[in-house]
Each structure stands twice: as structure tokens, then as C-alpha cells.
Amino acid sequence: APLRASAITLKTFHPTVKTCLFTDASEEIVRDAMAALGKCNFHKDPGALDLFDEILAQEPFEALHALTNFEKQVRGHPVIRFDDVWVKFRSRLMRMRNLARVPFDVTLAVDDDTVFCPTDDLETKLRALATRDVRFVPEALAKGKSYSNALQEAGRLRDCGDCWDAGECPGLEPHRHTYLQGGAALLRRGPGLDAFVDAWFDSYVAYYEKELHRNSTWRHDNQLGADQPPLRDVARDRCLRPSNATWSIGALPANYNVRFLAPPDK
């Protein structure tokens, strides 16, 4: 139901924007499930509208041989429960792999809890931003850190113009915004994106191999398996140090991954 509600807000306000869903379920099951949820009482429910232009199967996880030792390490950890944690590890790893399999030249990859607002030029703006292989929202500007910060970011966006392409690693190196949110990513399909996905994937596995080895107290910590720390490391290595990376990374305006905030009480 949350997935359908999210897709409805996109297709209702932006009917020409193509959509793709990665899933473990078959295309038939997905389309039947979406049809069965047709009476969700959304006031602009498009009804029979096809919400997903493409439905792609997840890559077979068992084929990722590089993860064999990582899985053994998780299984053999003395504290954490394998079944609980491995689901999260698997989800994050597959999401990274999916980024390299997007079927469109320019893609805004988002989670299934996203809500889209009406604008008259969403596709134009996304294509204009696709001057880097990948873009993420700096954490300092996302997720509603404070109401005043959100207002400041909104004003900066209005005055920004072409500033998202100012210099190398725009929005990252000058302000050291290397903490990035992984919930939304603007992707430019090509070898640069493939190289970035490989770097993030390898960084994720290496990061948690080290964490699991040195930390015997992990239990049900929500941060175990999070993809932001490895993403931070990859961005730092690419932007803040001499790098031979063949991919480019930039900042994404915060309105593509932000939570609405209530103004403070006066």
C-alpha cells in the first residue's frame, strides 16, 4: 500500500515521467497487488492507471560470490541474530546493485515511502542535474534537521541557478558535506555509474566486515547495516583525497530527499 501511494503521487502529478520498480515479486503479482489496492480512498486515485512502466526482478543474490565470506562472518558472529540482521544487509546490498541496472538514461532512485509534490518541470530539472554520474543529498540539508535549516535551504535553492555544477564534487568538498543520505539518488546511466556502484558495494562489505570483527556487542542496533557510513567513506575518498576514481559525484538539492517540518511554536 505505501508503494502504491507513493507511485500514485508521482503518476498523478507527473504522468509522463517513466517509472521502474525493482522487486523480488513477479510482475504478475505486483500488478495484481496494485489492482487489488485500487480502493484505497486516495482523493486523486487514478484507478486503472499503470503505475509502473517497467518491473524488473532483483539480481539473483546467490550469484554474488563475493559475499560468501561476508555471509559466513555474519552467521558466525557471537552476538547478533543472523536472520534479523542479514535481511537488512541483503536489502541494502541489493539496492546498491539495482542502481547499476536502471533502464533509463537519467533516474531518480527513491525508497518506497516517498511522496512526490506537483511541479511543472520535474523531468526537465532532473535532466539538468544529470551532469554527474551520481548525486546524493548532503545529510546536513536533509531529513529536517531543523526548521530554520529547511527555510535556509529553500532560499538557497531559489537563488542557486547552476551552482550544483560549481567545481569538483559540487556541494561536497567546499563544505565537507560527506555525510550523504542514501534514500534518494540521481543517476546518470553509464560506465561511471557502474564504477560508483562497485565502489559503494565493496566499501559496504569492507566496512561491516571490520565492524563485525571488532565489535562483539552488536545486538539490534538500528545502525547495523546502514548504508550511509560506507557511502560517506566512498564520497570522502573520491572528493577529499587524491583519487583515481572514474566516476563523478555531486550534491542533490535537498527537496529530493527531505521530510516536511512543522514551524516551531512561538
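One can find the structure itself at the top, above this paragraph.
Here's a quick rundown of the structure. Everything numeric here is computed off the predicted structure, so don't read it as measured data.

A closer look at the overall build of the chain
- Looking only at helices and strands, the chain has eight helices and six strands in total.
- Ordered by position in the sequence, the α and β elements of the chain form the string α-β-α-β-α-α-β-α-β-α-β-α-α-β.
- Taking the intrachain contacts of the chain between residues at least 6 apart in sequence as the baseline, contacts between residues at least 24 apart amount to 83%.
- With the model as given, the accessible surface of the chain reaches about 14800 Å², and the carbon-plus-sulfur share is 50%.

As for the environment of Thr23
- Along the chain, Thr23 turns up in strand S1 (residues 20-23).
- The residues contacting Thr23, other than those within four sequence positions of it, are Val30, Ile55, Leu56, Ala57 and Gln58.

Re the environment of Cys169
- You can see Cys169 is positioned in the loop between helix H6 (147-160) and strand S5 (180-188).
- For Cys169, a relative accessible area of 1% gives the class buried.
- Measuring from C-alpha to C-alpha, the distance between Cys169 and Ile249 comes to 5.7 Å, with 80 residues separating the pair along the chain.

Examining the pattern of salt bridges
- Taken as a whole, this structure holds 11 salt bridges when the rule is applied.
- Note that Arg90 is salt-bridged to Asp24, the shortest N-O span being 3.7 Å. In this pair, Arg90 is assigned in helix H4 (residues 82-99) and Asp24 in the loop between S1 and helix H2 (27-36), connecting sequence segments 66 residues apart.
- Overall, Arg90 belongs to the partly exposed group, its relative accessible area being 26%.
- Overlapping salt bridges, with partners in common, bring together Arg95, Asp111 and Asp227 in one network.

What to know about the nonpolar core
- Core analysis: the biggest nonpolar cluster contains 34 residues, and Phe70, Phe89, Phe136, Leu187, Phe196 and Ile249 have the highest contact counts within it.
- Elements with a minimum of two residues in this core: H4, strand S4 (134-138), S5, helix H7 (191-214) and helix H8 (228-239).
- Broken down by element, this core gets its largest block of residues, 10 residues, from H7.
- Contact partners of Phe136, with chain neighbours within four places excluded, come to Leu180, Gln181, Gly182, Ala184, Ala185, Phe196, Trp200, Leu231, Ile249, Gly250, Ala251 and Leu252.
- In terms of nonpolar packing, the next biggest core, distinct from the first, is built from 12 residues, Leu10, Phe116, Leu129 and Leu252 among them.

Looking at the sheet that holds strand S6 (residues 249-251)
- Taken together, four strands build an open sheet; the order of strands is S3-S5-S4-S6 and the sheet is mixed. Because the sheet does not close on itself, it has two edges, and the strands there are strand S3 (106-110) and S6. In this sheet, adjacent strand axes meet at a mean angle of 30 degrees when their direction is disregarded.
- Looking at chain direction, S4 and S6 are connected through three bridges and run parallel.

Looking at helix H5 (residues 122-129)
- Residues Leu122, Leu126 and Leu129 constitute the buried set of H5. Along the axis of H5, the buried positions cluster into a sector of 65 degrees, meaning they face one direction only. Facing away from the buried side of H5 by over 90 degrees, the exposed positions are Thr124 and Ala128.
- Close packing links the buried residues of H5 with helix H1 (2-13), S3, S4 and S5.

Rules behind the numbers
Positions within a chain are numbered from 1, following the residues in the order the chain's sequence is written. Reporting in this predicted model follows two pLDDT cut-offs: at least 70 for local features of residues, and 80 or more for side-chain atom pairs to be given and counted; totals over whole chains, interfaces and linings ignore these cut-offs and use all residues. Excluding hydrogens and water, the side-chain values take into account all heavy atoms of the structure. Per the convention used, a helix needs a DSSP run of H or I reaching at least four residues, while a strand needs a run of E reaching at least two, with both numbered from the N terminus. We call two residues contacting when some pair of their heavy atoms lies within 4.5 Å. Note on areas: Shrake-Rupley, 1.4 Å probe, and residue coverage restricted to the protein chains presented here. Each residue is placed in one exposure class: buried if its accessible area under a 1.4 Å probe, protein chains only, is under 20% of its type's maximum, exposed if it is over 50%, and partly exposed if it falls in between. The rule for a salt bridge is simple: a side-chain nitrogen of Lys or Arg has to be within 4 Å of a carboxyl oxygen of Asp or Glu. We call a set of buried residues a nonpolar core when its members are Ala, Val, Leu, Ile, Met, Phe, Trp, Tyr or Cys and they connect through side-chain atoms within 4.5 Å of each other. By this definition, two strands are paired if DSSP reports at least two bridges between them. A fitted line through C-alpha atoms serves as each axis, taken over the contacting stretch for helices, and the angle formed by two N-to-C directions is quoted from 0 to 180°. What the arc measures is the spread of directions leading from the helix axis to the C-beta atoms.

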